Amino acid sequence: MTPATANAVATFPAPDLAGFLASIRGALPAECILACEDQTRAYECDGLPLFRELPPVVVLPEDEPQLIAVLNACRAHHVPIVPRGAGTSLSGGATPHPQGVVIGMAKFNRILGLDPERAIAIVQPGVRNLAISEAAAPHGLYYAPDPSSQIACSIGGNVAENAGGVHCLKYGLTVHNVLGLRIVTIEGEVLELGGEAPDAPGLNLLPFFVGSEGMLGMVTAVTVKLLPRPELARVIMASFASVEQAGEAVTRVIAAGVIPAGLELMDQRAVRLVEPFVHAGYDLDAAAILLCESDGTAEEVAGETSRVAAIMAAAGAIRVQVSASEEERLRFWAGRKNAFAAAGRISPDYYCMDGTIPRRHLARVLGAIADMEKTHGLACSNVFHAGDGNLHPLILFDANEPDEVERARAFGAAVLELCVEVGGTITGEHGVGIEKVDQMCFQFSRAELDAFAAAKRAFDPYGLLNPLKVIPTLARCAEYGRMHVHRGELSFPNIPRF
Amino acid sequence: MESVLSGLSEQVAAARAAGHRLVIRGGGTRLFYGDPLPEDDSCAWLDMSTYRGIVDYEPAELVLTARAGTPLAEVEAVLDGAGQMLAFEPPRFGPGDTLGGCMATALAGPRRMAAGPVSDYILGTRLMRADGEVMRFGGEVMKNVAGYDVSRLLVGSMGVLGPLVEVSLKVVPRPRSEITLALALDEAEALRSCTRWRSRPMPVSATAWLPDGSGGRLNVRLSGNESAVHAGAAEIGGELLEPEKADAFWLSLRDQAHGFFRQRPLWRVMLPPGAPPLGSGRELHEWQGCLRWLGGTHDPAALRAKVRELGGWASLYHRDGALAASPAFHPLAPAVMRVQRRLKQQLDPGGLFNPRRLYPEF
Ligand SMILES: Cc1cc2nc3c(=O)[nH]c(=O)nc-3n(C[C@H](O)[C@H](O)[C@H](O)COP(=O)(O)OP(=O)(O)OC[C@H]3O[C@@H](n4cnc5c(N)ncnc54)[C@H](O)[C@@H]3O)c2cc1C
């Protein structure tokens, strides 16, 4: 157990795991209850293996009545719950609780309905993101949010994290593509949030629930909007001699009224990292390259790519190339999409950060990250959802080297604080999870954190759903505050704060 | 402006101390919407219109931040100057319209189905709590999942969780080209067409169907790149409306100034795409058939039961004498109501703000 989890556990009444197990035995098939170490070991971490915790029990309910029985038993026996989809979270959102149960939603894996004419699908939470688009493809439709993990991650996990993808500048995040949710509360009650009709009455619970990281309820069905697949897509690849110029090109594209389907930036280190593996044809001498995708009808794409190419050239691009075929388009993207995998091949471990910044501070932030490489003695490459300011520094380290884990964490924390200082946020799409609980103290005031805790109580008066995540305790922020400059002394005093 | 804000904080804290409740007011143009205000004198006004002004606007970041009392007209004029706009085409009811009121009511105009709900465009908010402290949620960036998304919860909250002090919005470029087509179609045909277009790659940005002597008329607006608009027009057919006429028509819907909106009572019914005609004979449809304005007398319970069966909800938008005491909004399922009431109690424990505006239970 990490020291951070140790002090928070104490505030919960002692869970009665034996009683819990006894009461669910009759409700679930035996093979859906995993309680010995060789079965539960697989659940000890999610996509962020920096945090590990062996769960005493894992349950895999097959349907809503079984799930309700599990939740009722958790309530009766004070057993904390960690919901889990596919376990690809990069913030430790699905890190188990040392005395709790992991509820794996993998068996909720059916597409309940797909209406091609109305362009709506209803799916269970364990369905993989890509499987929705695959099911919609024969009808010329797809589900727009496309996280890089889309072959593996579940739609339930996407809802819990408000996942994004390279196309979310134009097509939105999960929250913009989900019409309705069916959830089961800790009290075992079923709630329908939103729906197929627009603008559900009452407080706007649907978008509030999206991104709530498994802390407010269990998702059992998701109604999503499908979009017609664009006729054509082309990507422009442009190289720049400086990061500033690349940033300026992004600004000019958007100022010209173009919202590209994707707009991604890779710095030189990222380019050099991926090129040997994917042979995308990236310019290894460029300080930064931009990938800018246009989609739509053939005429639309032709018009937009020629406008964008001209803007890039005017902004100082040293090379501009438009994909001439679908194969080439995929090759241009391959490097960006495989940046993580490439990092994994050259470095024993890597740590992916996820801050967002106002785009105008890009060059400054990348400069500061380069300085931090020296301070922390670790290399970092940057991929950037440039259109919406979401930065993914990849810190390369070796967990077997003494203190490299600590240095990687300290580096990561410094990057996140920098994002907040320039007016951004500690997480754009990966969530706070267990990883960034401390940085929440940096981004939010006590009043704001109290409001989060109050909202959680409205859904989960027992504090059993994914405890220890997202919302830091008073004591934890006090501890954190002792070690860090408080935000009263931030270097950007012109950003009003209360 | 800081002194205006601290004045508001003091007023809020003082009201709480004195056991008064507060009714939040921007320009007062949306007070007709929602449940009626309590008629006793236990409530004082909290006037947000004095806290105004655009705080930050960077067209290339697609983000605008403004104080809640900023006139909606001012916000839209500034955006227009940079070739941008609010995606959800909010109604204008008068010069008093404020940005805060616009977000708290979440009323959207003809572009709603293409753009998504108003809450899709909120990036951050500042909210005042009952002791006058101002809290900030979200921010000025497009992607932000730190903490719960309180900002989106506040959109459409009718002020029951407290006064919005400032909002940051995602804005969008104005479409490069826009045309309106008129088709002679009866109600069922119009609904079928609207549903069919959902799965077609066409930039339909608004639809409106109105009954007329010979069956009905469907107006369809296409917005986007020239080539996409023309391809869509070729597929849809119909007669091209003159731009001035078309603009005037969509404005009359956006601002609910069209003669149809003078009916009392007036119901606002939201339905899933593809829902059949309601059979009242006096309907105006917008939003690809998902918004139906309904005039004439209807029994609230019977209408709501029918609408619920179709998967939608009905709000009593404009009352008349007979329905003066009927709740405005569609009743919530009991389990949903329980969570909503708890949210209200948790976030406004003293029940200080906008009592009853959303539901009598609040
Ligand atoms: C290589 C790689 C690339 C990635 N790329 C992206 C990217 O481009 N964009 C992006 O946004 N993310 C990305 N991610 C992060 C991750 O894939 C997403 O956060 C994803 O949404 C997690 O889904 P999951 O099913 O794996 O959920 P899990 O990791 O199992 O869980 C995530 C959170 O959701 C909760 N949860 C899961 N299911 C439910 C449910 N049914 N009800 C309630 N709560 C639930 C869990 O408690 C946890 O808090 C990437 C991850 C990897 C490993």
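Residues numbered from 1 in each chain as written. Chains lettered and ligands numbered in written order. Predicted model: local features only at pLDDT ≥ 70, side-chain atom pairs only at ≥ 80, totals over all residues. Heavy atoms only, no water.

Brief notes about the packing of aromatic side chains
Part 1 of the reasoning: With the rule as written, the count across this model stands at 20 aromatic pairs over all chains.
Part 2 of the reasoning: Centroid distance Tyr142(A) to Tyr171(A): 6.4 Å. Interplanar angle 80 degrees. Geometry classified as edge-to-face. Of the two residues, Tyr142(A) sits in strand β7 (residues 141-142) while Tyr171(A) sits in helix α7 (residues 168-171), which places them 29 residues apart along the sequence. The burial state of Tyr142(A) is the same as that of Tyr171(A); both residues are buried.
Part 3 of the reasoning: Put simply, the rings of Phe32(B), Tyr33(B), Phe93(B), Phe260(B), Phe261(B), Trp293(B), Tyr317(B), Phe329(B), Tyr359(B) and Phe362(B) pair up and form one aromatic cluster.
Part 4 of the reasoning: Taking the ring centre of Trp45(B) as reference, the NZ or CZ of Arg25(B) above it sits at 5.2 Å.
Part 5 of the reasoning: One cation-aromatic arrangement involves Arg112(B) over Trp287(B); the distance from NZ or CZ to the ring centre is 5.4 Å. (Phe/Tyr/Trp six-rings, centres within 6.5 Å; stacked < 30°, edge-to-face > 60°. Helix = DSSP H or I, 4+ residues; strand = E, 2+ residues; numbered from the N terminus. Buried < 20%, exposed > 50% of the residue type's maximum accessible area, 1.4 Å probe, protein only. Lys NZ or Arg CZ within 6 Å of the ring centre and 35° of its normal.)

Here we look at the site of the ligand
All names here are of chain A.
Part 1 of the reasoning: Close to the ligand lie 33 residues; Pro83, Gly85, Thr88, Ser149 and Ser154 are nearest.
Part 2 of the reasoning: At a separation of 2.9 Å, a nitrogen atom of the ligand approaches a polar backbone atom of Val219.
Part 3 of the reasoning: Between Asn466 and the ligand, the recorded distance is 3.4 Å, taken from a side-chain N or O atom to an oxygen atom.
Part 4 of the reasoning: Bound to the protein, the ligand loses 94% of the 980 Å² it would expose on its own.
Part 5 of the reasoning: Sorting the residues of the shell around the ligand by element identifies β3 (81-84), α6 (155-161) and β10 (218-225) as the ones contributing at least two each.
Part 6 of the reasoning: Examining the composition of the shell around the ligand, we find that five residues originate from one element, α6, more than from any other. (Near = heavy atom within 4 Å. Polar contact = N/O pair within 3.5 Å; in protein donor to acceptor, adjacent residues only side chain to side chain. Areas by Shrake-Rupley, 256 points an atom, 1.4 Å probe, with all protein chains shown as cover.)

A closer look at the interface of chain A and chain B
Part 1 of the reasoning: Every contact between the two is made by 85 residues of chain A and, on the other side, 74 residues of chain B.
Part 2 of the reasoning: When chain A packs against chain B, close to 6,700 Å² is buried across both sides, 61% of that on carbon and sulfur atoms.
Part 3 of the reasoning: For the pair chain A and chain B, the interface holds seven salt bridges.
Part 4 of the reasoning: With a shortest N-O distance of 3.9 Å, Glu58(B) and Arg360(A) are connected by a salt bridge.
Part 5 of the reasoning: In this structure, the connection of chain A to chain B is made through 25 residue pairs in polar contact (both at pLDDT 80 or more).
Part 6 of the reasoning: Listing elements by their share of the side of chain A that touches chain B, those giving two or more residues are α7, α8 (174-177), β9 (190-194), α9 (205-209), α10 (243-255), α12 (298-314), α17 (437-443) and α18 (446-459) of chain A.
Part 7 of the reasoning: A total of ten residues in the side of chain A that touches chain B trace back to one element, the largest contributor, which is α18(A).
Part 8 of the reasoning: In terms of residue class, the side of chain A that touches chain B is built from 42 nonpolar, 22 polar and 21 charged. (Contact = heavy atoms within 4.5 Å. Buried area = accessible area lost by both parts, 1.4 Å probe. Salt bridge = Lys/Arg side-chain N within 4 Å of Asp/Glu carboxyl O. Nonpolar A, V, L, I, M, F, W, Y, C, P; charged D, E, K, R; others polar.)

Digging into the domain arrangement of chain A
Residue and element names in this part refer to chain A.
Part 1 of the reasoning: Segmentation of chain A into domains returns domain 1 (17-104), domain 2 (111-228), domain 3 (232-340) and domain 4 (347-421).
Part 2 of the reasoning: Of note, the centres of domain 3 and domain 4, computed from C-alpha atoms alone, are 22 Å apart.
Part 3 of the reasoning: Applying the counting criterion to the domain 3 and domain 4 interface returns one salt bridge.
Part 4 of the reasoning: Among the ionic pairs, Glu373 bridges to Arg269, the shortest N-O distance being 2.9 Å.
Part 5 of the reasoning: For the pair domain 3 and domain 4, the number of links is seven residue pairs in polar contact (both at pLDDT 80 or more). (Domains from an automatic or database assignment.)

Thoughts on the pattern of salt bridges
Where charged atoms from two side chains of opposite charge come close, those side chains can pair.
Part 1 of the reasoning: Using the criterion set out here, one finds 45 salt bridges over all chains in the structure.
Part 2 of the reasoning: In this structure, Asp35(B) and Arg319(B) form a salt bridge, with 3.7 Å as the shortest nitrogen-oxygen distance. Residue Asp35(B) is located in the loop between β1 (21-25) and β2 (43-47), and its partner Arg319(B) is located in the loop between β17 (313-318) and α10 (334-347); the two are separated by 284 residues in the primary sequence.
Part 3 of the reasoning: Assessed through its relative accessible area of 2%, Asp35(B) is described here as buried.
Part 4 of the reasoning: Residue Glu89(B) pairs with Arg221(B) through a salt bridge whose shortest N-O separation is 2.9 Å. Here Glu89(B) is found in the loop between β5 (84-85) and α3 (99-105), whereas its partner Arg221(B) is found in strand β12 (residues 217-224), with 132 residues between them in sequence. Summarising the burial analysis for this pair, Glu89(B) and Arg221(B) share the class buried.
Part 5 of the reasoning: A network of salt bridges, in which partner residues are shared, links Glu37(A), Arg41(A), Glu44(A) and Arg52(A).

Observations concerning the sheet that holds strand β2 (residues 57-59) of chain A
Residues and elements named next belong to chain A.
Part 1 of the reasoning: As summarised here, the arrangement of the four strands in space is β1-β2-β4-β3, forming an open sheet in which the pairing is mixed. Since the sheet does not close on itself, it has two edges, and those belong to β1 (33-34) and β3, each with one partner.
Part 2 of the reasoning: The sheet contact formed by β1 and β2 spans two bridges and is antiparallel. Paired with Leu34 across the two strands is Val58, which belongs to β2.
Part 3 of the reasoning: Here helix α2 (residues 17-25) sits on the sheet in contact with β1, β2 and β4 (101-104), set at roughly 25 degrees to β2.
Part 4 of the reasoning: Relative to the sheet, helix α4 (residues 64-76) contacts β2, β3 and β4, its axis offset from that of β4 by approximately 165 degrees. (Pairing = 2+ DSSP bridges. Axes fitted to C-alpha atoms, helices over the stretch in contact; angles between N-to-C directions.)

Let's talk about unusual backbone geometry
Part 1 of the reasoning: Put simply, Arg264(B) and Pro265(B) share a cis peptide bond, and its omega is -10 degrees.
Part 2 of the reasoning: Within the secondary structure, Pro265(B) is located in the loop between α8 (243-254) and β14 (266-270).
Part 3 of the reasoning: Positive phi is not limited to glycine here, since Asn162(A) has a value of about 50 degrees.
Part 4 of the reasoning: On the basis of relative accessibility, which here comes to 4%, the residue Asn162(A) falls in the buried class.
Part 5 of the reasoning: Even without being a glycine, Glu89(B) presents a positive backbone phi close to 50 degrees.

Remarks on the domain arrangement of chain B
All names here are of chain B.
Part 1 of the reasoning: On domain assignment, one finds that chain B holds domain 1 (2-174 + 339-347) and domain 2 (177-323).
Part 2 of the reasoning: The centre of domain 1, based on its C-alpha atoms, is set 27 Å off from the matching centre of domain 2.
Part 3 of the reasoning: Counting residues at the interface gives 19 residues for domain 1, matched by 20 residues for domain 2.
Part 4 of the reasoning: Both faces combined, the contact of domain 1 with domain 2 buries some 1,600 Å², and carbon together with sulfur accounts for 54% of it.
Part 5 of the reasoning: A salt bridge links Glu178 to Arg111; its shortest N-O distance comes to 3.3 Å.
Part 6 of the reasoning: Among the elements that line the side of domain 1 that touches domain 2, the one with the most residues is helix α4 (residues 112-115), at three residues.

Structural notes on the state of the cysteines
All names here are of chain A.
Part 1 of the reasoning: Counting across every chain of the model gives one disulfide over all chains.
Part 2 of the reasoning: Residue Cys441 pairs covalently with Cys477 via a disulfide, S to S 2.2 Å. Here the disulfide of Cys441 and Cys477 is left-handed, its torsion about the S-S bond being about -85 degrees. You can see Cys441 sitting in helix α17 and its partner Cys477 sitting in helix α19 (residues 474-483), a full 36 residues away along the chain. With respect to class, Cys441 is no different from Cys477; both count as buried.
Part 3 of the reasoning: Here Cys292 stays free of any disulfide, with the sulfur of Cys168 as its closest cysteine sulfur at 14 Å.
Part 4 of the reasoning: Among the cysteines around Cys380, which has no disulfide bond, Cys352 carries the closest sulfur, lying 9.6 Å off.
Part 5 of the reasoning: By relative accessible area, which is 2% here, Cys380 ends up buried. (Disulfide = S-S within 2.5 Å.)

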